[in-house]
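Structural overview for review
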Amino acid sequence: MNKYDVTGIGNALVDIEFKVTDQFFLENGVEKGLMTLVDEERQNSLMGVINTEEAKKQAGGSAANTIVAVSQFGGKSFYCFRVANDEFGHFYLQDLNDSGVDIALVPERLENGVTGKCLVMVTQDSERTMNTFLGITQNFSVKDIHESAIKDSKYLFIEGYLVTSPNGKEAMLHAKKVAEEAGTKVALTFSDPAMVKYFKSNFDDVIGPSVDLLFANEEEAMLYTGKDNLMDAREEMKKAAKHFVITQGKNGAMIFDGDTFIDIEPYKTTAIDSNGAGDMFAGAFLYGITNGHSYASSGKLASMASSQIVSQFGPRLQWHQAKDILARLNP
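Residues numbered from 1 in each chain as written. Predicted model: local features only at pLDDT ≥ 70, side-chain atom pairs only at ≥ 80, totals over all residues. Heavy atoms only, no water.

As annotated in an unreviewed UniProt entry, the protein chain carries the name Adenosine kinase and comes from Algoriphagus confluentis.

Structure (C-alpha cells):
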C-alpha cells in the first residue's frame, strides 16, 4: 500500500485572480490568452492599475491546483515546491495544509526571497490570461524533490512549466528517474501551448522513451506532434506516452487507455472562467485511476469536475462540490 496516490512537483505561485476587459489588455500591452513570464516590476505595475476589490487569492501553480483537486476528492497527495519567507509564502503553506495536502516545508525553514505570484486576468468570454513573476520558485531544483514521497506514491505528477529553466528541467529528470526506479508511474502535463512551442526539445528529453500518462489540450497535442489535425496527432502521441488524455474544451476529451480511444462527453455549463479547468481535469482523473475507477469513469469524473470549475470564478472546488460530484458519479 502506497502512502500517497499522487506526489506532484511544480511551481508554487500565489494566484491573484481579477476580472478585466479586453480594453485593459490593449491599454497595458498584455497578450491575451497566454501565460507570460514577467519581472516583479512589471507585475507590480499591472497590479497597480487593476481593480483589486474582487481579487481572489489562493495557493496555486498548475500542479498545485491538480494536487489540491486529488485531495478534495478524497485522495492522498504530497507536493514538492519552493516559497520564500514572506507573507505570501506563509499564506501558501497554510492554504496547502488547509487543503489536506502533505508538504515538507514549515515556516521556520523558509529561505529569504520573494514568493512567486501569478496574476490571473479573466475576461467576459471566460478566457484566462496569466502574467507570472516566478520569484523564488524559479530556483526550484533537485534539492526540493522529496524522494521518499515519490517512492511511496502510485503516481508522480510533473508540471510542464518547469521546462523553462535548466534547474527545473534537471529536477523533472531527477524526479522521473526516482519514480521509475521505485516503480512509481509518471504523469506529465504540457501545461501551456507556449511551453510546447518554445521548449519542445526539453519535453523530448524529459519524456525520453515514454511516460505512463500525458495530459495535453488539442493545441498542445498538435504542436508537440507537428500534425495539423487531431486524428493524426493522437496517433503520434502513442510514441510519447503509454496512456494519454487530450482535453477538447466544450467538446469534452479523448482518452487513450493503452488499447483504445475513449470519447468523454462534455457536461453542459455556462463558462465564466476557464482558469484551472485543465488542472482540475488532471486532478480528478488522477484521483479516479488511483482509487479504483476505470479510465472511462475517471474521464467522466474529470469532465464533470472541470465543467463545474469553468462555471465559477477561481480554479478550485469547494469541498462540498467535490463530494456532490462524486455522488453524481456513483448515485
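1. Quick notes on the overall build of the protein chain
Convention followed: Starting at the N terminus, helices and strands are each numbered in turn, a helix being any DSSP run of H or I of at least four residues and a strand any DSSP run of E of at least two. Based on C-alpha atoms, the radius of gyration is set beside the globule rule, defined as 2.2 Å times the residue count to the power 0.38. Working definition: with a 1.4 Å probe on protein chains only, accessible area under 20% of the residue-type maximum means buried, over 50% means exposed, and in between means partly exposed. Only heavy atoms enter the contact rule, under which two residues are in contact if any of them lie within 4.5 Å. Here the open area of atoms and residues is found with the Shrake-Rupley method and a 1.4 Å probe, where only the protein chains shown may cover a residue.
Of the regular secondary structure elements, the protein chain holds 12 helices and 13 strands. The C-alpha atoms of the protein chain give 18 Å as radius of gyration, which agrees with the globular expectation for 331 residues (20 Å, within 12%). For the protein chain, the residues scored as buried account for 59% of the 331 residues in total. Summarising the internal contacts of the protein chain: among those between residues at least 6 apart in sequence, 75% fall at separations of at least 24. As displayed, the protein chain has an accessible area near 13,900 Å², and 47% of this comes from carbon and sulfur atoms.

2. Remarks on the pairing of strand β10 (residues 211-217)
In the case of a regular strand, side chains alternate between the two sheet surfaces. Stated formally: We call a crossover right-handed when, viewed with both strands directed away from the observer, the connection leading from the first strand over the helix to the second proceeds clockwise. Two strands are counted as paired when DSSP detects at least two bridges linking them.
With six of its seven residues buried, β10 lies for the most part within the structure. Since strand β9 (residues 185-189) and β10 lie parallel, the crossover through helix α7 (residues 193-207) that links them has a hand, and here it is right-handed. As paired elements, β10 and strand β11 (residues 241-247) share six bridges and run parallel to each other. From the neighbouring strand, Phe215 faces β11, where its bridge partner is Val245.

3. Digging into the nonpolar core
Formally: In these notes, a set of buried Ala, Val, Leu, Ile, Met, Phe, Trp, Tyr and Cys residues joined through side-chain atoms within 4.5 Å is what counts as a nonpolar core.
Among the nonpolar cores identified, the biggest contains 61 residues, and Phe73, Phe81, Tyr92, Phe285 and Leu286 are the most heavily contacted of them. Take this core: its biggest share by element is eight residues, from helix α10 (residues 277-289). With sequence-adjacent residues up to four places away left out, Phe285 is seen in contact with Leu213, Phe215, Val245, Ile255, Tyr295, Ser298, Gly299 and Ala302. Counting 49 residues, the second-largest nonpolar core is a separate cluster that includes Phe78, Leu134, Met195 and Ala216.

4. Here we look at the environment of Ala69
Structurally, the position occupied by Ala69 is in helix α3 (residues 62-72). A sequence separation of 32 residues divides Ala69 from Val101, and the C-alpha atoms of the two residues are 9.6 Å apart. Leave out the neighbours within four places in its chain, and Ala69 touches Met280, Gly283 and Ala284.

5. Side note on the pattern of salt bridges
How we decide: We count a salt bridge whenever a side-chain nitrogen from Lys or Arg sits within 4 Å of a carboxyl oxygen from Asp or Glu.
Summed over all chains, the structure comprises 14 salt bridges. Note that Asp125 is salt-bridged to Lys32, the shortest N-O span being 2.7 Å. Here Asp125 is found in the loop between β6 (116-122) and β7 (128-133), whereas its partner Lys32 is found in the loop between α1 (22-28) and β3 (35-37), with 93 residues between them in sequence. Among the residues examined, Lys32 registers a relative accessible area of 30% and is labelled partly exposed. Where Asp212 meets Lys242, a salt bridge forms, and the shortest distance between an N and an O atom there is 3.4 Å. Here the residue Asp212 occupies a position in strand β10, and Lys242 occupies one in strand β11, the gap between them amounting to 30 residues. A relative accessible area of 14% means that Asp212 is categorised as buried. Through salt bridges that share partners, Asp22, Lys32 and Asp125 make up one connected network.

6. With respect to unusual backbone geometry
If you check the backbone angles, Ser126 has positive phi at about 80 degrees while not being a glycine. Following the sequence through the fold, Ser126 ends up in the loop between β6 and β7.

7. Remarks on the packing of aromatic side chains
The following threshold applies: Any two of the Phe, Tyr and Trp rings considered here, Trp counted by its six-membered ring, make a pair once their centres fall within 6.5 Å; the pair's planes then place it as stacked at under 30 degrees, edge-to-face at over 60, or tilted in between. In our convention, an over-ring charge means Lys NZ or Arg CZ found within 6 Å of a ring centre and within 35 degrees of that ring's normal.
The full count for this structure, using the stated rule, is 13 aromatic pairs. With 5.9 Å between their ring centres and 85 degrees between their planes, Phe215 and Phe285 make a pair best called edge-to-face. Taken together, the residues Phe215 in strand β10 and Phe285 in helix α10 connect sequence positions 70 residues apart. Classification of Phe215 as buried rests on a relative accessible area of 5%. We classify Phe285 as buried; its relative accessible area is 0%. Taken together, Phe157, Phe215, Phe285 and Tyr295 form an aromatic cluster joined through their ring pairs. The lysine or arginine in question, Lys117, covers the ring of Phe88, its NZ or CZ lying 4.9 Å from the ring centre. The ring of Tyr224 is capped by Lys200, whose NZ or CZ atom sits 4.6 Å from the centre of that ring.

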